[in-house]
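Listed here are the chains, written in short residue letters.
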Amino acid sequence: MRLAFAGAALAASLALAPSALAQKYSAEQGVPLPESVPAATSELVSAEGIEIKAAGAAVVRFWMRSAPFEGEPAAGFGVRFDNLPEGAFLGVVEFPDKGSDFREQSVPPGVYTLRFGLHPEDGNHMGVAPSRDFGLLAPVEKDTEVARNYDFDGIVELSADVGNPHPTVARLQLPEGDSGPNLWENDYGHWVLDIAAAGTVIGIVVEGHAEE
């Protein structure tokens, strides 16, 4: 599977009926955190994560934040998650194989932190998405101040270590319900995984890209 930032097999199969999806895709809970995750990061997330498989093969794994968020919540036009601090650490994501982000940039296999970010209110970002909420990826070994809420420039600099010309992003949107994990299709034809981070259920686009 590709998290819209990640797997070709998922893109080909998510439009199937629920019975077909059940045969091809599965979610397994209780997946241990990778040993490469630093201690300071592992202290903030659940010890056991969720692994999504396609045709029996692992394609992405999540360990979401369990520690409460600290700091002032984000505010402003187009912000849907106004209870989350901008730049806050949301969790750990592992890609066993090469993937791509919401902008179709390449994402190498590896372990990454995911942080809450807002794209700027400027003409360069018009039409990217109906709201400003995104998750930015950074290599887990580079994100050494995980408890810190970075400003916009800080998370962009961290994400640059992935190796792309633009920040490596996952599209975030309001979830379908108030619990997760849950996989569903939105009005844009994107497939979304609802998953909780410190009690807040977040929708992460796992298949689909920006129309730009």
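Residues numbered from 1 in each chain as written. Predicted model: local features only at pLDDT ≥ 70, side-chain atom pairs only at ≥ 80, totals over all residues. Heavy atoms only, no water.

Student: Would you take a moment to explain the overall build of the chain for this structure?
Tutor: On a plain count of helices and strands, the chain comes out with four helices and 12 strands. Per-residue burial over the chain gives 52% buried out of 212 residues. Of the contacts made within the chain by residues no fewer than 6 positions apart, 59% connect residues no fewer than 24 positions apart. When the accessible surface of the chain is totalled, it reaches about 9700 Å², and 49% of it is carbon and sulfur. (Helix = DSSP H or I, 4+ residues; strand = E, 2+ residues; numbered from the N terminus. Buried < 20%, exposed > 50% of the residue type's maximum accessible area, 1.4 Å probe, protein only. Contact = heavy atoms within 4.5 Å. Areas by Shrake-Rupley, 256 points an atom, 1.4 Å probe, with all protein chains shown as cover.)

Student: Explain empty space enclosed by the protein to me, please; I cannot follow it from the model alone.
Tutor: In this approach a probe as big as a water molecule rolls over the atoms, and the regions it shows empty are the leftover space. All chains considered together, the criterion is met by one cavity of 30 Å³ or more. What lines the largest cavity is simply T113, R115, L136, L137, A138, D143, I155, L158 and S159. Elements supplying a minimum of two residues to the lining of the largest cavity: β7 (110-118), β8 (133-139) and α4 (152-159). Among the residues making up the lining of the largest cavity, the classes are represented as five nonpolar, two polar and two charged. (1 Å grid on protein atoms, 1.4 Å probe; cavity = no way out; pocket = protein on both sides within 12 Å on 5 of 7 lines; lining within 4 Å. Points joined across faces, edges and corners; volume = space filled by probe spheres on them. Nonpolar A, V, L, I, M, F, W, Y, C, P; charged D, E, K, R; others polar.)

Student: Would you mind showing me how to read the pairing of β7 here?
Tutor: On a regular strand, each side chain points to the face opposite its neighbour's, so the side chains alternate between the two faces of the sheet. β7 sits mainly inside the fold: eight of its nine residues count as buried. Summarising the sheet, strand β4 (residues 89-95) and β7 pair through six bridges and their orientation is antiparallel. Across the sheet, F95 pairs through a bridge with G110, a residue of β7. (Pairing = 2+ DSSP bridges.)

Student: Explain the side chain of D194 to me, please; I cannot follow it from the model alone.
Tutor: Mapping D194 onto the fold places it in strand β11 (residues 191-197). It turns out D194 is buried and unbridged, and the closest side chain with the opposite charge, R80, is 11 Å from it. Polar contacts involving the side chain of D194 include one to the side chain of W184, which spans 2.9 Å. Discounting chain neighbours no more than four positions away, the residues touching D194 are P175, E176, G177, S179, G180, P181, N182, W184, V201, I202 and G203. (Lys, Arg positive; Asp, Glu negative; His and termini not counted. Salt bridge = Lys/Arg side-chain N within 4 Å of Asp/Glu carboxyl O. Polar contact = N/O pair within 3.5 Å; in protein donor to acceptor, adjacent residues only side chain to side chain.)

Student: Please explain the packing of aromatic side chains as it appears in this structure.
Tutor: One pass over the full model with this rule turns up three aromatic pairs. Their ring planes at 85° and their centres at 6.5 Å tell us that F81 and F116 sit as a pair that is edge-to-face. One end of the pair, F81, is in the loop between β3 (57-64) and β4; the other, F116, is in strand β7, with 35 residues separating them in the sequence. This pair shows no difference in class: F81 is buried, exactly as F116 is. Relative to Y112, the ring of F95 has its centre 6.0 Å away and its plane inclined at 65°; by these criteria the two rings are edge-to-face. On the criterion of sequence distance, the pair formed by F95 in strand β4 and Y112 in strand β7 is long-range, its members being 17 residues apart. Residue F95 shares its accessibility class with Y112, and that shared class is buried. The ring of F134 is capped by R171, whose NZ or CZ atom sits 5.4 Å from the centre of that ring. (Phe/Tyr/Trp six-rings, centres within 6.5 Å; stacked < 30°, edge-to-face > 60°. Lys NZ or Arg CZ within 6 Å of the ring centre and 35° of its normal.)

Student: Mind showing me how you'd approach the pairing of β8 here?
Tutor: Counting buried residues in β8 gives seven out of seven residues, a clear majority hidden from the surface. Here β8 shows no split at all, with D133, G135, L137 and P139 on one side and F134, L136 and A138 on the other all buried. Two strands pair when backbone bridges link them, and β7 and β8 are joined in this way by seven bridges, in the antiparallel orientation. Within β8, the residue paired with T113 across the bridge is A138.

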